[in-house]
Amino acid sequence: MNTTMTDRNSSESHATPAMERMRYARRFCRTTALVAVMMLLNAVIWPSWAVAVEVERQKEAQAQASWEARHQSLEQVLLGIRQEARDGRSMMADTLAEQNQGFLGKARSLFGIEQAPAEALPRLQWLSQRAANLHEQALASFDETEAHLRKKDLPRRILDRNDRAREEYQQAYATMRETLDQALDSGSLEEQEEAMAALVDFMDRFTLDKPRDPFDPNKLPWRTPDPDKTPTPARSAEALSQRTGLPLFEQGLELASLNNNAALSVAPGAPTDEALAATLDAPKTPAIQAKAAELDHDPVRIYQWVRNNIEFIPSYGSIQGAEYTLELGKGNAFDTASLLIALLRASDIPARYAMGTVRIPADQVMNWVGGVNVPSAAGNLMGQGGIPNTGLARGGQISHFELEHIWVEAWIDFHPSRGADHRTGDTWVPMDASFKQYQYSEGMDLQDQVPFDAEGLARTIEQESTINEEEGWVQGVPGTAIEERLEDYRAELQAYIDNQAPEATVGEVLGTKTIKDVIHQQLTASLPYDLVTRQLTTSELSDSVRWKFRYRLHTSTNGYKGSELLTIEEPTVALAGKSLSLSFSPATQEDEDTLASYLPDADEDGELDPGELPDTLPGHLINLKARFSIGSETVANPEQELAMGSGLASEMGYWQPGRGWDTSENKPIAGEFRALALDLQGISGPAAEKLQTDLETTQAKLEDEEYSGLTKQQLVGDMLYSTILSYFALNDIQDRLSERLALSVGYRAPSYGIFKTSLQPQYWFGMPRDVKASGLTMDVDHMTSIRVDKNNDRGRWVALNRAQGARMSAMEHLVPEEMYTTEANSANGISAIKALKIASSEGQKIWTINKINMEYALPALNVSDAVEMDIRNSVYAGKEVTAHEAAVNLAGKPFFGYMVVDPETGAGAYLIESGENGGVLEFSLIFALFVFAFFLSVMLITSSGWLILAGIVSFVWNVMNFVSWVDGLKSSETKADFSSNNFTAMGGLVMGLLASYLSGGAAAVLWFGDFMAYFLGMI
């Protein structure tokens, strides 16, 4: 028995070392596996979780710091209180609605149990404290203003304004403070919501910030008219008379032989005095009389000169009249008829308008409207221009067009010389100087001879850019490479032209369009087309066929229209070639003296130091009166006084025959100077030359110190007007060039735009306390063209409209920069296109936003609520928005640009909005913690035994963590990008702690140190 026992113990003693080694090996393998797993989890999951927390914390800190930076002055704090009150009220109302539902809500209501107030509103509390601090400064500023007024010995009336302003401010502040304290100190949610509603209602009574021009995505400012809105031509004289306002007449028989159709005779009888009178559309100006004398007052020469020299524009209605048509060298049928009538009447030849529906072969119409290749393009172009027309098909093809048209009848000595020897008139003879045919030359075949490698450029962009088609953004577009490729292509084109035809003109390169002259010694007795309706005649056009322009100005209360200050409504014929302006002047001598008191005193030489000019002016002390001018003539000067900096509301636009009013709204500020230019159908050379002469005359007077007689229009208005006029003139030229290259036909339709001085008021409870200048602004609210592809290809037409819109946007900053840059100072302009270009060069993502991606694109944009609303409304309206991520900085100011484009037509709005400066992510804390982790790893490596291995492993995974952290920072987009990893990351954290426990010893310290580094970075 003992022997047996001894043998068993002996056997176990031999087996023990082997089992221990196996157990040790399993434990080592388990520990190694856990370490390996945790290294993997730590490298892949843990960094994203830590980065998510750290980035989110940094974002929140940055957002709070940025928000606090925006709310430093009193006017900003008041605006912030209103916004926070609105948000708080909405949140409380939603909470009450949710909690009052269900069994508990009904029970609470039954027993009259009130809900606890909402959690503290930290931002509103911060604003409350900030307002209290600024309130004392505000009261001190009123005292400073009073001291200034007394020092300058200004009248009691101005001092009273300051006293009233101080009293009104104190009363408003006290009411706001009481209501705000109630909202912050309420004992229940119901009371808090009620107090917050009262605070919102009170703050909504006041204008607190500069009103923003409204934007309607369904009325994009840069567009082509819809041809479907043009009616079909009248089929009877009665219908035509009702539409145009032209009179009917009793049909005569004695002159029926002069018409193409005996049933369509001219009005009988000899002319009356009205047929020789000057009218609005056909005046007898010096220029008209000079041209008539140049043509020897000969009716044949007059008719043929107009017909052979005035280019036809396919639009409808009297737009620019006789004199401007003479200056411009082109016009529609109404304007051409007016010019012909004016020249005839200036030659003592009776003349009148005649109108009817006519039928013309389709091929002649295609040539007449601009040389299109298919009848549908001709009909489209006339429809855009407002000409009622319809195509007549024969054999499945459009063979003729019927359209409403206007021409001239002149009382000519027709028998027997047929007008060649005009002495005493005896017959009404029809003359149509607008209908003509053209000779077109194709120009150089540049597209085939010097092809542009568009596919190569597209490949370059695709290779060097990051394009996310699923989300709808592009990043890193190689702007320099694109510019270099375009410049190379320009050089290739130039080299080809220089080699082939070094003396070629622009027309020879791009193609020409010349009128086929008709030279006869006599007049014909009929029109060159068929009449469909009996014609109407009149000595003067009615308002029903005249385009009109209207400008209205109202006071404004918190963005809403108030009382009317002025209304200007004139036919565009009366405004052609004239500058329009809205300006303001001191209401009284006292106001002028108050304004002058804030200007620095002149030195002994009478010079002012620009550096001493004040940054702001006290708007509430200075009353102004509005003034609207046409040219140098003031046409409206209402008596109502306005405080400088007051917000106003304006509406302007065109009335078009057959379509009615098309207007846009703006929000002027009292004190701004707004120069308004009309581009009716092009800018004439003589009008531009006259403006240049006026500017040179003013400059000479200033240089000679001859200040007497100089007006505000000469000193400010002409320069501002020349800027917006130059914008239109340059775009008109570039439109024609690009249309020829794109095989399109286009014409300018009536457009308008503003170039203005901009004021930035600072409002205290609706009072413009301080007003400062914020630069010059171009605002083109209505830029319209009639344009078609020659083959009526809709895709190419849309692409050209988009390209034209982008170029016109770029010109909004290029033209002012060119106008105001000097050798000593460079002017910096901004436009939507320039803002997008700057953002792209900075590496920002450029988003294309539509209904598919809007909900995750908008959170990626750092934009104001107003811009976000514009984007949402535009997308809901079926438009496409292009925007960059955050504001760009130009000359120390933030700007945000975005484009709203109709994908169906290429029409667009190219908008600019001031944005907030974004900050860079702070790296200091988390980087320091990584340094600590690396230091711990190095300390382990310098130890002994297996700690060396642990140190190496820790160093490796910390390197991997660091790389993952940096990569996470680069790829982070929104909070949602990180939140999805949080659950997995927490699992990794639990496993990491378990591995630390199982590893024991120094490894546990290592895991704990690594965790603490991330944890400290998180908090």
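The model shown is predicted, which means the values in this text are computed figures rather than measured ones.

Novice: Is there a simple way to explain the overall build of the protein in this structure?
Specialist: Tallying secondary structure elements over the protein gives 31 helices and 30 strands in all. Taken across its 1019 residues, the protein has 49% of its residues classed as buried. Within the protein, contacts between residues at least 6 apart in sequence are counted, and of these 73% link residues at least 24 apart. For the protein, the accessible area works out to roughly 47,900 Å², and carbon and sulfur atoms hold 53% of it.

Novice: Would you mind going over the pattern of salt bridges with me for this structure?
Specialist: Once their charged atoms are close, side chains differing in charge can pair, the charge on each being opposite to the other. Enumeration over the complete set of coordinates arrives at 47 salt bridges. Across the pair Arg674 and Glu672 runs a salt bridge whose closest N-O atoms are separated by 3.2 Å. The residues Arg674 and Glu672 share a single accessibility class, namely buried. Across the pair Glu672 and Lys756 runs a salt bridge whose closest N-O atoms are separated by 4.0 Å. Of this pair, Glu672 sits in the loop between β21 (660-666) and β22 (674-679) while Lys756 sits in strand β24 (residues 751-764), and the two are 84 residues apart along the sequence. Lys756 shares its class with Glu672; the two are buried. Overlapping salt bridges, with partners in common, bring together Asp679, Asp732, Asp735, Arg736, Glu739, Arg748, Arg787 and Arg807 in one network.

Novice: I keep staring at the packing of aromatic side chains and nothing clicks. Help me out?
Specialist: Each aromatic ring pair is summarised here by two numbers: the centre-to-centre distance and the angle between the ring planes. Tallied over the full model, the rule gives 24 aromatic pairs. Considering the side-chain rings of Tyr316 and Phe334, the 5.1 Å spacing of their centres and the 75 degrees angle between planes classify their relative orientation as edge-to-face. Taken together, the positions of Tyr316 in the loop between β2 (311-312) and α11 (321-328) and Phe334 in helix α12 (residues 333-346) put the pair 18 residues apart, joining distant regions of the chain. Of the two residues, Tyr316 and Phe334, neither departs from the other in class, the shared state being buried. On the basis of an interplanar angle of 40 degrees and a centroid distance of 6.0 Å, the ring pair of Phe896 and Tyr898 is categorised as tilted. Overall, Tyr898 belongs to the buried group, its relative accessible area being 1%. An aromatic cluster of three or more residues is present, and its members are Phe142, Tyr169, Tyr173, Phe202, Phe206, Trp764 and Phe765. Lying across the ring of Trp428, Arg352 places its NZ or CZ 3.7 Å from the centre. The ring of Trp661 has Arg550 lying over it, and the distance from NZ or CZ to the ring centre is 3.9 Å.

Novice: Help me understand the nonpolar core, please; the structure alone is not making it clear to me.
Specialist: Across soluble globular proteins, you tend to see nonpolar side chains buried next to one another. In this structure, Leu339, Leu340, Leu344, Ile360, Val372, Leu403 and Met431 are the most contacted members of the largest nonpolar core, which totals 72 residues. The biggest single contributor to this core is α12, with nine residues. In terms of nonpolar packing, the next biggest core, distinct from the first, is built from 44 residues, Leu154, Leu159, Ala576 and Tyr752 among them.

Novice: Looking at this model, I keep getting lost on the side chain of Ser646. Mind explaining?
Specialist: The residue Ser646 is located in the loop between β19 (642-643) and β20 (648-656) in this model. Side-chain polar atoms of Ser646 contact the backbone oxygen of Ala643, separated by 2.6 Å.

Novice: In this structure, what is going on with the pairing of β22? I would like to understand it.
Specialist: Two faces belong to every sheet, and in a regular strand the side chains alternate between them. Counting buried positions over the six residues of β22 gives six, a clear majority of the element. Taking every second residue as pointing to the same face, both faces of β22 are buried, with Arg674, Leu676 and Leu678 on one and Ala675, Ala677 and Asp679 on the other. Bridge count for strand β16 (residues 580-586) against β22 is three bridges, and the pairing is antiparallel. Within β22, the residue paired with Leu582 across the bridge is Arg674. Across six bridges, the pairing between β22 and β24 is antiparallel. When the bridges of β24 are listed, Ala675 appears paired with Phe755.

Novice: Help me out: how do you make sense of the packing of helix α10 (residues 299-309) against α12 in this one?
Specialist: Each pair of packed helices can be summarised by the angle the axes make with each other and by the distance between the axes. Viewed as axis vectors pointing N to C, α10 and α12 meet at an angle of 155 degrees, and their least axial separation amounts to 10 Å. Between α10 and α12, the interaxial angle falls into the category roughly antiparallel. Crossing angle aside, the handedness with which α10 passes α12 is right-handed. Across from Pro299, Ile302, Tyr303, Trp305 and Val306 in α10, the residues of α12 making contact are Thr336, Leu339, Leu340, Leu343 and Leu344.

Novice: Please explain the pairing of strand β17 (residues 623-630) as it appears in this structure.
Specialist: Counting buried positions over the eight residues of β17 gives seven, a clear majority of the element. Taken together, the seven bridges between β16 and β17 define a ladder with antiparallel strand orientation. Residue pairing in the sheet places Pro586 in a bridge with Leu624 of β17. Bridge count between β17 and β19: two bridges; the pairing is antiparallel. Within the sheet, the bridge partner assigned to Leu624 lies in β19 and is Leu642. Taken together, the three bridges between β17 and strand β18 (residues 633-636) define a ladder with antiparallel strand orientation. Note on β18: the bridge partner recorded for Ile630 is Glu633. In sequence, β17 turns back onto β18 through a hairpin of two residues, with Gly631 there showing a positive phi of about 65 degrees.

Novice: Where do I start with the confidence of the model for the protein in this structure?
Specialist: When pLDDT is low, close inspection of the predicted coordinates is not appropriate. Overall, the predicted model of the protein reaches an average pLDDT of 81, with 77% of residues at or above 70. Taken together, the stretch residues 107-114 has pLDDT below 50 and engages in eight contacts with residues farther than four places along the chain or on a different chain.

Novice: What should I look at first to understand the environment of Ser831 in this one?
Specialist: In this fold, Ser831 is placed in the loop between α23 (794-820) and α24 (832-841). Between the alpha carbons of Ser831 and Glu913 there is a distance of 9.5 Å; along the sequence they are 82 residues apart. Setting aside residues no more than four positions away along its own chain, Ser831 makes contact with Ser809, Ala810, Glu812, His813 and Ile912. Looking at Ser831, its side chain comes within polar contact range of the main-chain oxygen of Ser809, at 3.3 Å.

Novice: Hey, could you run me through α23 in this one?
Specialist: The α-helix winds at 3.6 residues per turn, so residues separated by three or four positions along the chain end up facing the same way. Between its first and last C-alpha atoms α23 spans 39 Å; for 27 residues at 1.5 Å apiece the expected length is 39 Å, and the two agree. Along α23, the sharpest kink reaches roughly 30 degrees, centred on Met811. The residue sitting at the N-terminus of α23 and contributing the capping side-chain oxygen is Asp793; that oxygen lies 3.0 Å from the backbone nitrogen of Gly795.

Novice: Sorry, what's going on with the packing of helix α6 (residues 156-184) against helix α7 (residues 189-203) here?
Specialist: Here α6 crosses α7 at 155 degrees, and the two axes come no closer than 8 Å. Overall, the two elements α6 and α7 adopt an arrangement that is roughly antiparallel. You can see that α6 and α7 cross each other, and the crossing is left-handed. For the pair α6 and α7, the contacting residues are Ala172, Thr175, Met176, Thr179, Leu180, Gln182 and Ala183 in the first and Gln192, Ala195, Met196, Ala198, Leu199, Phe202 and Met203 in the second. Broken down by class, the residue content of the contact of α6 with α7 amounts to 10 nonpolar, four polar and no charged.

The rules behind each value
- Residues numbered from 1 in each chain as written.
- Predicted model: local features only at pLDDT ≥ 70, side-chain atom pairs only at ≥ 80, totals over all residues.
- Heavy atoms only, no water.
- Helix = DSSP H or I, 4+ residues; strand = E, 2+ residues; numbered from the N terminus.
- Buried < 20%, exposed > 50% of the residue type's maximum accessible area, 1.4 Å probe, protein only.
- Contact = heavy atoms within 4.5 Å.
- Areas by Shrake-Rupley, 256 points an atom, 1.4 Å probe, with all protein chains shown as cover.
- Salt bridge = Lys/Arg side-chain N within 4 Å of Asp/Glu carboxyl O.
- Phe/Tyr/Trp six-rings, centres within 6.5 Å; stacked < 30°, edge-to-face > 60°.
- Lys NZ or Arg CZ within 6 Å of the ring centre and 35° of its normal.
- Core = buried A, V, L, I, M, F, W, Y, C linked by side-chain atoms within 4.5 Å.
- Polar contact = N/O pair within 3.5 Å; in protein donor to acceptor, adjacent residues only side chain to side chain.
- Pairing = 2+ DSSP bridges.
- Axes fitted to C-alpha atoms, helices over the stretch in contact; angles between N-to-C directions.
- Parallel < 35°, antiparallel > 145°, perpendicular 65-115°, else oblique.
- Left-handed = near helix turned anticlockwise from the far one by under 90°.
- pLDDT = per-residue confidence, 0-100.
- Expected span 1.5 Å × (residues − 1).
- Bend = angle between axes of the 7 residues up to and from the residue.
- Nonpolar A, V, L, I, M, F, W, Y, C, P; charged D, E, K, R; others polar.

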